[in-house]
Structures are given as C-alpha cells and as structure tokens.
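A structural walkthrough
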Amino acid sequence: MELLGVRPNLQTYNVLISLYANSQQLGAGMKAEGILKRLEDEYANGNKDMRPTVITYTSCINAWAKSSDHDKAEKAKGLLDRMKEMCASGVIGDRPNEFSYTAVINACATTYGEQEKKQEAFRIAYDTFMEMIESEDLTPNHVSYSTFLRAISKLIPDGEKKDEMASLAFRLCIRDGMLDKGLFYMKQAASPDTVSDLLGCDDYDEAASLTVDDLPFDWRRNVESSSRPKQNKMRVL
C-alpha cells in the first residue's frame, strides 16, 4: 500500500491481523504478531492514530490459537500478559476482555504433542480461566466455559484429576447459567459415573442422551445475555 502512496491506518492493520487469524496459514501467528509490533512501534514513535485496541490484540491471539505452532499456548499467553502490562502503564487504553482470555484458552485447547507439552498448555489454560473467575471485571461467557471444558477433555489424561476439573468447570458453568456446548465437552472429559452424577441421572445411558434443552433452563439462562449481576465467584454447587 505504501508503494502506491497510501499509508495504512489502524483499521487496515486490524483487518490484516484478522485475516491472518482466519487463514490457518503456517506461520500466521508470527506474521500477525509482526504486524502488531509494527503498529505498536508506530504508536510509540508518536503516531497517536495507531494506538492498538483490544480488537487488535485479541485478533492476534486468535491467529496463534488457530496456528499449528507447538508453542502457541505460550505465545498467546505472552500476548495477553503484554496487553495487561501496556494497559497498566497507560500505553493502551483497553483492558483484555473475556474474548481475549477465551482466545488464550482456545490456543491451549488446540495444543497437540507430547504429554509434557499438553501439561504446560493446561497449566496456562487453568491459570487464564481462574483469573477470569476471580476477577471483579471479567465474567466468563458460554464460549469461555465450553473452551475450558474442551481443554480439560483434550489435555488431561483420564483419571481422578480430569474428573475433578471437569466437575469444577461444569458446576461453575451451570451456576453462572452459561451451559451450551459445554455439555458436549463435559461428557467428553468426565468419566461415565461423573457425567451421571453431574446430570442427576441413575445411569450413564440416560445421562448421555440428555441435550441442553432437557436440562433446567436456569443452567443456560445467561447464554444469550450480554451482562448479568456480579455474584460470589468462588462459590460452587
């Protein structure tokens, strides 16, 4: 564009990063972050029209999440931490939102490789999820919960720990009225006995056949809502 005498603006950069985020190209995360770095540098050099926004950073995190990079969980979390630091120092005006945090969890949930790599990805997913749960300013939405349950399903070996994590996440999800695709991922993550217990069924076949519409409306009451009153976030059922 500059060769044609047209200087890119903030919207141009955001569109380019978003394109990389949806491209699933090899190296898309690195290319998107390169564009973000250029935007940050322009703003730091005095071009106040180039101040990155929460959309800019979240799109870049999404580019890592959809990449095949083995270190994408670490890269995504690094971007989230960088955004928080720059917001705290006043360099940017936007705080990370639930979409930013969920994008990091998605990068973790789609991490593949040896168990050691999955273990580290789950540590990042858990820390990111719990930061949302404990925050006064953030509320996990139904995508946050389903993505975290997917991370549990994909990253933790079968056993007691996996059951405990699936149970905790599911109970928080229904407490907050955010059950949607989380039901599917909970069934994938938890053992048959745990699935039956969580859904109040006498046997697994009955529990496995249940859909979201078969369950109490209260469990999904906030799925379509954009906001809800704050409550004691650490209480579980």
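The structure contained in this document is the topic of the report that follows. Note that this is a predicted model, so its numbers are computed, not measured. (Residues numbered from 1 in each chain as written. Predicted model: local features only at pLDDT ≥ 70, side-chain atom pairs only at ≥ 80, totals over all residues. Heavy atoms only, no water.)

Let's shift gears to the overall build of the protein. When you go through the protein residue by residue, the secondary structure sums to 11 helices and 0 strands. In sequence order, the protein lays out its α and β elements as α-α-α-α-α-α-α-α-α-α-α. By the compact-globule yardstick of 18 Å for 237 residues, the protein fits well, its C-alpha radius of gyration being 20 Å. Projected onto its principal axes, the C-alpha coordinates of the protein cover approximately 70 × 40 × 30 Å. Buried positions account for 49% of the 237 residues belonging to the protein. Partitioning the intrachain contacts of the protein with sequence separation of at least 6 by distance along the chain shows that 69% fall at a separation of at least 24. With an accessible surface of roughly 12,200 Å², the protein has 50% of that area assigned to carbon and sulfur atoms. Both charge centroids of the protein, one from 30 positive and one from 37 negative side chains, sit 6 Å from each other. (Helix = DSSP H or I, 4+ residues; strand = E, 2+ residues; numbered from the N terminus. Rg over C-alpha atoms; globule rule 2.2 N^0.38 Å. Buried < 20%, exposed > 50% of the residue type's maximum accessible area, 1.4 Å probe, protein only. Contact = heavy atoms within 4.5 Å. Areas by Shrake-Rupley, 256 points an atom, 1.4 Å probe, with all protein chains shown as cover. Lys, Arg positive; Asp, Glu negative; His and termini not counted. Charge placed at Lys NZ, Arg CZ, Asp CG, Glu CD.)

Right, let's get into helix H7 (residues 142–155). Between its first and last C-alpha atoms H7 spans 20 Å; for 14 residues at 1.5 Å apiece the expected length is 20 Å, and the two agree. Counting buried positions over the 14 residues of H7 gives 10, a clear majority of the element. Those residues of H7 that are buried lie in contact with helix H5 (98–109), helix H6 (115–134), helix H8 (160–175) and helix H9 (182–189). (Expected span 1.5 Å × (residues − 1).)

Turning next to the state of the cysteines. In the structure shown here, the tally under the stated rule is 0 disulfides. Here Cys87 stays unpaired: no disulfide links it, and the sulfur of Cys60, its closest cysteine neighbor, is 17 Å away. Distance from the sulfur of Cys173, which forms no disulfide, to the nearest cysteine sulfur (Cys201) is 17 Å. (Disulfide = S-S within 2.5 Å.)

Let's shift gears to the nonpolar core. Counting residues in hydrophobic clusters, the biggest one holds 71 residues, and the most contacted among them are Phe129, Ile152, Phe170, Met186 and Leu199. Considering every element that reaches this core, the biggest residue donor is H6, with 8 residues. Apart from the residues lying within four places of it in its own chain, the contact partners of Phe170 are Leu149, Leu179, Leu183, Met186, Leu198, Leu199 and Trp219. (Core = buried A, V, L, I, M, F, W, Y, C linked by side-chain atoms within 4.5 Å.)

Residue placement: Ser146 occurs in helix H7. Judged by relative accessible area, Ser146 falls into the buried class, the value being 8%. The residues touching Ser146, leaving out its near neighbours within four places in the chain, are Lys181, Gly182 and Tyr185.

Within the fold, Ile152 resides in helix H7. Measuring from C-alpha to C-alpha, the distance between Ile152 and Ala169 comes to 9.1 Å, with 17 residues separating the pair along the chain. Ile152 has contacts with Phe122, Lys162, Met165, Ala166, Ala169 and Ala189, leaving out every residue within four places of it along the chain.

This part covers the packing of helix H4 (residues 72–88) against H5. Here H4 crosses H5 at 165°, and the two axes come no closer than 7 Å. With respect to H5, the axis of H4 lies roughly antiparallel. Two packed elements cross with a definite hand, and for H4 against H5 that hand is left-handed. In this structure, H4 contributes Lys72, Ala73, Ala76, Lys77, Leu80 and Lys84 to the contact, and H5 contributes Ser100, Tyr101, Val104, Ala107 and Cys108. (Axes fitted to C-alpha atoms, helices over the stretch in contact; angles between N-to-C directions. Parallel < 35°, antiparallel > 145°, perpendicular 65-115°, else oblique. Left-handed = near helix turned anticlockwise from the far one by under 90°.)

You can see Thr110 is positioned in the loop between H5 and H6. Looking at Thr110, the relative accessible area reads 12%, which means it is buried. A distance of 3.2 Å separates the side chain of Thr110 from the backbone oxygen of Ala65, its partner in a polar contact. Separated by 3.5 Å, the side chain of Thr110 and the backbone oxygen of Ala107 make a polar contact. The contact partners of Thr110, leaving out residues within four places of it in the chain, are Ala65, Lys72 and Arg150. (Polar contact = N/O pair within 3.5 Å; in protein donor to acceptor, adjacent residues only side chain to side chain.)

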